[in-house]
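Letter by letter, the chains look like this.
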There are 2 protein chains.
Amino acid sequence: MKKTKALYEGKAKILWETDSPDYMVQEFKNDATAFDGTKHEVIAGKGVLNNRISSHLFGLLKDKGVRTHFIEKISDNEMVVERLEMLRVEVVVRNVAAGSICRRLGIEALKRFDPPIVEFYLKDDDLHDPIITQDHIRIMELATQEQVDQMRSDALTINTVMRGFLEQRDMVLVDYKLEFGLKGDELVLGDEISPDTCRFHDAKTGEIMDKDRFRQDMGGFIEAYTEVLERVSS
Amino acid sequence: MKKTKALYEGKAKILWETDSPDYMVQEFKNDATAFDGTKHEVIAGKGVLNNRISSHLFGLLKDKGVRTHFIEKISDNEMVVERLEMLRVEVVVRNVAAGSICRRLGIEALKRFDPPIVEFYLKDDDLHDPIITQDHIRIMELATQEQVDQMRSDALTINTVMRGFLEQRDMVLVDYKLEFGLKGDELVLGDEISPDTCRFHDAKTGEIMDKDRFRQDMGGFIEAYTEVLERVSS
């Protein structure tokens, strides 16, 4: 498969068109950004780690019957994915309170949510990705009610699979963001699953093993991502 | 009934305990506030108008079988209401886009929503009343699922009643905020229903007949509220 032109360059990835209309190459960059892109650094090795971690986790989900866009890892920092028409919605699942939900609602950090919370956000940098409800999704025609129900159901299935897998590796799946797209009428999980898009804590020490280390200037960023890779590939 | 002590003083109202444990006196003040209280004025006549308008609209809803806290108007700026244990949730119904939904989601002003949108907000000044979902209501234990369903259903019944009533008076019910409380296990509509808590537009001219005149420094505030009173009492 041959890359032709970059269709979309985001903060952390480039999506390349290929000589096949059905497939794209997803390239992971070394850029780390936070706070709507106001904080930005290039961190050598990040792209390779996220590509490897995402490949492992997509592989896990595929094995468990989740429909994802992942085809195969083709280089250190690239994977082949199915071409999707992405929905303008982010789906967030929270097992433990962290980040924006604590600031927005005054909820104590590390409070456990059982059953987990599923939230939807509008993908819109200019509006700072506001939280939205099913009513907003309806009136903005972002997805059908059936697609919303399917995203919620898939997000919870993914939660069960990922949480169990990570628990066995002494990691807590705190929260994560998913993006779905359409292949024809079929809803398919796209984007990436990495410490950029998930929060992982060490189950024994509580140590932060995700992008919060960058957001909070904690250091040990590449070491944490390397440790995540080691555990998910063990 | 005799007022004893002020239990709660808000931005626009005082709730007085009385010599009866079941009833309170709700006094409407002349204070107008906006933008989390950063804008504040005292507008002579506002309390009297809101007391009259609220009394009319609560009376209308009671006649249509909606369970409200309203008992009777007892003076120019006071009504007797049932004492409720208020929920920490605001319910907003939107028939037409205006205000925060346009800013938050980039929706064009005056877009019509059919069916209407029902939103829930956390009553918390320090957090600027953030929008919340049913999941947040559950984990913060703000209401039971049954109460959420009942609030949504009551809010839509109220919408049908009020919209029809106002249409006959050449007014568009753009949106409004409701607050519910509990009398034992029973969910009861509390607070007020006035141009402070609803947006009303003149159906023919589109003229703004609500607190947006204050928020936007448009002038003609008391004239607009007086016109609302004349129409709802006609």
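Residues numbered from 1 in each chain as written. Chains lettered and ligands numbered in written order. Predicted model: local features only at pLDDT ≥ 70, side-chain atom pairs only at ≥ 80, totals over all residues. Heavy atoms only, no water.

(A) Representation of the relation of the copies chain B and chain A in the model. By a simple turn and slide, chain B fits onto chain A: the slide is 0.0 Å along the axis, the RMSD is 0.0 Å, and the turn is 180°. Given the turn and translation reported, the copies of this chain are related as if by a two-fold rotation axis. Closest to the rotation axis within chain B is the C-alpha of B:T133, separated from it by 3.4 Å. Comparing contact sets, 100% of the residues at the interface of chain B also lie at the interface in chain A, consistent with an isologous, same-surface contact. (Least-squares fit on C-alpha atoms with pLDDT ≥ 70 in both. Contact = heavy atoms within 4.5 Å.)

(B) Expanded view of the sheet that holds strand β6 (residues 70–75) of chain B. Residue and element names in this part refer to chain B. Here we have five strands laid out as an open sheet, ordered β1-β2-β3-β7-β6, and antiparallel in their pairing. The open sheet has two free edges, formed respectively by β1 (3–9) and β6, since each of these has just one partner strand. Averaged over all neighbouring strand pairs, the angle between strand axes comes to 30°, with direction disregarded. In this fold helix α1 (residues 46–63) packs onto β3 (23–28), β6 and β7 (78–82), with an angle of close to 150° to the strand it touches most, β6. (Pairing = 2+ DSSP bridges. Helix = DSSP H or I, 4+ residues; strand = E, 2+ residues; numbered from the N terminus. Axes fitted to C-alpha atoms, helices over the stretch in contact; angles between N-to-C directions.)

(C) Representation of the nonpolar core within the structure. Counting residues in each nonpolar core, the largest one holds 62 residues, and the members touching the most others are B:L57, B:V91, B:F120, B:M151, B:I158 and B:F200. The greatest single-element share of this core, amounting to eight residues, is contributed by helix α4 (residues 145–167) of chain B. Membership of the second largest hydrophobic core comes to 61 residues, among which are A:F28, A:L87, A:A155 and A:M209. (Core = buried A, V, L, I, M, F, W, Y, C linked by side-chain atoms within 4.5 Å. Buried < 20%, exposed > 50% of the residue type's maximum accessible area, 1.4 Å probe, protein only.)

(D) Structural detail: helix α6 (residues 221–232) of chain A. Spanning twelve residues, α6(A) covers 17 Å between terminal C-alpha atoms, matching the ideal 16 Å at 1.5 Å per step. Of the residues making up α6(A), those classed as buried are A:F221, A:A224, A:Y225, A:V228, A:L229, A:R231 and A:V232. (Expected span 1.5 Å × (residues − 1).)

(E) Spotlight on the domain arrangement of chain A. Residues and elements named next belong to chain A. For chain A, the domain assignment lists domain 1 (3–82) and domain 2 (85–220). Computed from C-alpha atoms alone, the centre-to-centre distance between domain 1 and domain 2 is 17 Å. Summed over both partners, the interface of domain 1 with domain 2 buries about 2300 Å², with 62% contributed by carbon and sulfur atoms. Linking domain 1 with domain 2 are eight salt bridges. Across the pair D125 and K11 runs a salt bridge, and its minimum N-O distance is 3.5 Å. Our count for the domain 1 to domain 2 interface comes out at 16 residue pairs in polar contact (both at pLDDT 80 or more). At the level of elements, β3 (23–28), β4 (31–34), β5 (39–42) and α1 (46–63) are the ones that each hand at least two residues to the side of domain 1 that touches domain 2. Sort the elements by how many residues they give to the side of domain 1 that touches domain 2 and α1 lands first, with eight residues. (Domains from an automatic or database assignment. Buried area = accessible area lost by both parts, 1.4 Å probe. Salt bridge = Lys/Arg side-chain N within 4 Å of Asp/Glu carboxyl O. Polar contact = N/O pair within 3.5 Å; in protein donor to acceptor, adjacent residues only side chain to side chain.)

(F) Region of the structure containing the sheet that holds β3(A). Residue and element names in this part refer to chain A. Strand order across the open sheet formed by five strands is β1-β2-β3-β7-β6, with antiparallel pairing between neighbours. Every other strand in the sheet has two partners, leaving β1 (3–9) and β6 (70–75) as the edge strands with one partner each. The mean inter-strand angle of the sheet, taken between neighbouring strand axes irrespective of direction, is 30°. Sheet topology note: the strand β2 (residues 13–18)/β3 ladder contains five bridges and is antiparallel. Residue pairing across strands places E17 opposite M24, the latter belonging to β3. Against the sheet, α1 touches β3, β6 and β7 (78–82), its axis set at about 150° to β6.

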